[in-house]
Amino acid sequence: MNERYERQEMLPEIGKEGQQKLRNAHVAVVGAGGLGCPVLLYLTAAGVGHITIIDDDAVSLHNLQRQILYTEEDIYKPKAEVAAGRLSALNNEVEVHPVCERLCEANASRLIGRVDLIIDCTDNLPARKVIDACAARIGVPWLYGSIGGWQGQCSLMNCGAEPKRYADLLLDEEPLMPAPAVLGALSGMVGSVQAAEAVKYLAGLSEEQLLTGKLWWMDLKTLRSGIFRF
């Protein structure tokens, strides 16, 4: 265990053994936008040893209000590469692999076939279906996250005694929630929950403590939140 973590107080549920599990873990984050930015920051700060960032998009001005890894100087630069540089500056002991490709059926096995956890930080239904199919095929859990307007939600798929698929959350082949403009702070809230669930899973917490077969949701306008089983 390196000095960075030896000198800080650790949650008893994680401890040195859990921290070592985090250090040995490999996570693929699909999407380095509003959700991806807080997820990547907190996973890097937590000491997840290997992180692959998959995003073929470039930084744009109108997204800076919620994509907190980037600045105006990064506009038009590849998100994955800029994010990798910022994360390495935060924790140089984490191996960060930027992949400037769009995830699809043709490359899914190559890009996410050898990781311990996939984190969905995308904003579209086709990408989530690709993640869900690949995760089921290779037997790897994945964290679903979605935001729109004032509302967000998160769930851990393909995990536990009775693994759930993304189709269990779909109604008439449409997402539960539309994708209108997004409050910037909402991205940080939902992304933080995704990061927390990732740390809990990778550190070995029990299934009862994870969002397996459960959907967490929140509404920042009313400050209501809850969890329901599906």
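Above this note sits the structure.
Residues numbered from 1 in each chain as written. Predicted model: local features only at pLDDT ≥ 70, side-chain atom pairs only at ≥ 80, totals over all residues. Heavy atoms only, no water.

### A word on the packing of helix H2 (residues 15-24) against helix H7 (residues 184-203)
- Between H2 and H7, whose axes approach to 8 Å, the crossing angle comes to 105 degrees. Taken together, the axis directions place H2 and H7 in an arrangement best described as roughly perpendicular. Of H7, the residues touching H2 (which contributes Gly 18, Lys 21 and Leu 22) are Val 199, Leu 202 and Ala 203.
- Its residues placed into classes, the contact of H2 with H7 shows four nonpolar, one polar and one charged. (Axes fitted to C-alpha atoms, helices over the stretch in contact; angles between N-to-C directions. Helix = DSSP H or I, 4+ residues; strand = E, 2+ residues; numbered from the N terminus. Parallel < 35°, antiparallel > 145°, perpendicular 65-115°, else oblique. Contact = heavy atoms within 4.5 Å. Nonpolar A, V, L, I, M, F, W, Y, C, P; charged D, E, K, R; others polar.)

### Examining the side chain of Lys 214
- Along the polypeptide, Lys 214 turns up in strand S7 (residues 214-219).
- Comment: no salt bridge for buried Lys 214; closest opposite-charge side chain is Glu 197, at 7.4 Å.
- A polar contact of 3.3 Å, which involves the side chain of Lys 214, links it to the backbone oxygen of Glu 208. (Buried < 20%, exposed > 50% of the residue type's maximum accessible area, 1.4 Å probe, protein only. Lys, Arg positive; Asp, Glu negative; His and termini not counted. Salt bridge = Lys/Arg side-chain N within 4 Å of Asp/Glu carboxyl O. Polar contact = N/O pair within 3.5 Å; in protein donor to acceptor, adjacent residues only side chain to side chain.)

### Overview of the side chain of Ser 187
- Residue position: Ser 187 is located in helix H7.
- Assessed through its relative accessible area of 0%, Ser 187 is described here as buried.
- The contacts of Ser 187, once residues within four sequence positions are left out, are Gly 34, Leu 35, Pro 38, Arg 66, Ile 147 and Val 182.

### Some points on H2
- Turning to H2, its buried residues are Gly 15, Gly 18, Gln 19 and Leu 22. Looking straight down H2, one finds its buried side chains confined to an arc of 100 degrees; they lie on one side. Exposed residues on H2 whose side chains face more than 90 degrees from its buried face are Lys 16, Glu 17 and Asn 24. (Arc of directions from axis to C-beta.)

### As for the pattern of salt bridges
- Applying the stated criterion to the full structure yields nine salt bridges.
- In this structure, Asp 132 and Arg 165 form a salt bridge, with 2.8 Å as the shortest nitrogen-oxygen distance. With Asp 132 in helix H6 (residues 125-138) and Arg 165 in the loop between strand S6 (151-157) and H7, the pair connects residues that are 33 residues apart, well separated along the chain.

### Examining unusual backbone geometry
- Backbone geometry places Tyr 76, a non-glycine residue, at a positive phi of 80 degrees.
- Along the chain, Tyr 76 turns up in the loop between strand S2 (50-54) and helix H4 (79-90).
- Backbone geometry at Asn 158 places phi at a positive 55 degrees, although glycine is not the residue there.
- Mapped onto the elements of the fold, Asn 158 is located in the loop between S6 and H7.
- With relative accessibility at 16%, the residue Asn 158 sits in the buried group.

These results come straight from atomic positions and should not be treated as a statement about function.
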